[in-house]
Amino acid sequence: MKYQSLMGLAIATTFAMTIATHALAAPMFDVSTLEGHTGPFLVIKNNVNVRDKPASTGEKVAQLPSRDIVTVKGRVKGTQWLAISKKGNNLGYIYASSLTPMIDASLKEPITSNIDLSADDKGVCAYNLTFEGRAIEEETIFVSADYQVTFNCTMDDDKFDFSALVFMSEVPPDLGQKPIYQITLNLPDVATGYEEFLSATALFNQAEEQVIMDAVSLEQFKEKALRDKLPATTPQEALQAALKLQLSSFNKKAWRIIAGEIPNPSELKPQ
């Protein structure tokens, strides 16, 4: 796994677009025929053909390497063909399964906010979340934004601090067509054994503008009734919504361990 900038991922010469030697004039898209999700997409297959019309019989006008980034203008209605452009220039049409949507989840400034779970007899926390960089998995085509978050909390009249690791995938984990991105909160200090630590996962559905609570890693620390979703339109809003859903998904026992009121199970000695 490597850390690098998205600019390096997108524009490095090894990912540069290869234009066919007989390149044709770029088509003008009829926007009335287009629908669906638009924005930046990542090429997930190698040597992908771009055609001058949305059909396999269309003339090849370009070829894209894996990990190139293009802009999707829309899907041609009734088909699986996407109209694409790059650097403001229309290129043509590409079959949808060759691309996956992506987002920029980096932060220019830290996110500072508060989460109040006192109504559930849990903590009231102020937090600071900072962007640490990107993790790029070379073999599996996976890109995520990584963060460090520190919490300053009060619960049962006690004050305590704790830190956690957060990552947000910048492509769908399944490399599919739906713009759904994974947000995971990891608490490695709350563990039951080697590599068995507490974590919680939420999903940012960009198209539906909501974050949905997905899973908690350790059943014994999971709240029985999870709050299921919160609204969000941007990655920054999605991170804040996810943190609230994730902290609320931990039960009182988990919170007492986090606060230092009871021992961490991994620290208990066998009887």
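Residues numbered from 1 in each chain as written. Predicted model: local features only at pLDDT ≥ 70, side-chain atom pairs only at ≥ 80, totals over all residues. Heavy atoms only, no water.

Description of the pairing of strand E12 (residues 158-169)
Point 1. Sheet topology note: the strand E11 (residues 142-155)/E12 ladder contains twelve bridges and is antiparallel. Across the sheet, alanine 145 pairs through a bridge with methionine 168, a residue of E12.
Point 2. Between the end of E11 and the start of E12, which pair antiparallel, lie two residues, with aspartate 156 showing a positive phi angle near 55°.
Point 3. Two strands pair when backbone bridges link them, and E12 and strand E13 (residues 180-193) are joined in this way by four bridges, in the antiparallel orientation. The partner of valine 166 across the bridge, within E13, is leucine 185. (Pairing = 2+ DSSP bridges. Helix = DSSP H or I, 4+ residues; strand = E, 2+ residues; numbered from the N terminus.)

Side note on the confidence of the model for the protein
Point 1. Confidence in the prediction of the protein, expressed as mean pLDDT, is 87, and 86% of residues score 70 or more.
Point 2. Within the protein, the lowest mean pLDDT, 40, falls on helix H1 (residues 6-11), and the highest, 98, falls on strand E9 (residues 111-116).
Point 3. Long-range and interchain partners of residues 1-25, a stretch whose pLDDT sits below 50, account for 53 contacts in this model, where long-range means more than four residues apart. (pLDDT = per-residue confidence, 0-100. Contact = heavy atoms within 4.5 Å.)

Some remarks on unusual backbone geometry
Most peptide bonds are trans, and most residues other than glycine sit at a negative phi.
Point 1. Non-glycine residue lysine 87 carries a positive phi angle of around 55°.
Point 2. On the secondary structure map, lysine 87 appears in the loop between strand E6 (81-86) and strand E7 (89-95).
Point 3. Overall, the relative accessible area of 71% leaves lysine 87 in the exposed class.
Point 4. If you check the backbone angles, aspartate 157 has positive phi at about 70° while not being a glycine.
Point 5. Mapped onto the elements, aspartate 157 comes out in the loop between E11 and E12. (Buried < 20%, exposed > 50% of the residue type's maximum accessible area, 1.4 Å probe, protein only.)

A closer look at the nonpolar core
Point 1. Core analysis: the biggest nonpolar cluster contains 49 residues, and Leu129, Phe151, Met168 and Phe250 have the highest contact counts within it.
Point 2. The dominant element in this core, judged by the number of residues it contributes, is helix H2 (residues 235-248), at seven residues.
Point 3. Setting aside anything within four residues of it in sequence, one finds phenylalanine 250 in contact with Lys122, Leu185, Leu187, Leu198, Ser199, Ala200, Val216, Phe221, Glu223, Trp255 and Ile258.
Point 4. Ranked by size, the runner-up nonpolar core spans 15 residues in total, among them Val43, Val61, Leu64 and Ile94. (Core = buried A, V, L, I, M, F, W, Y, C linked by side-chain atoms within 4.5 Å.)

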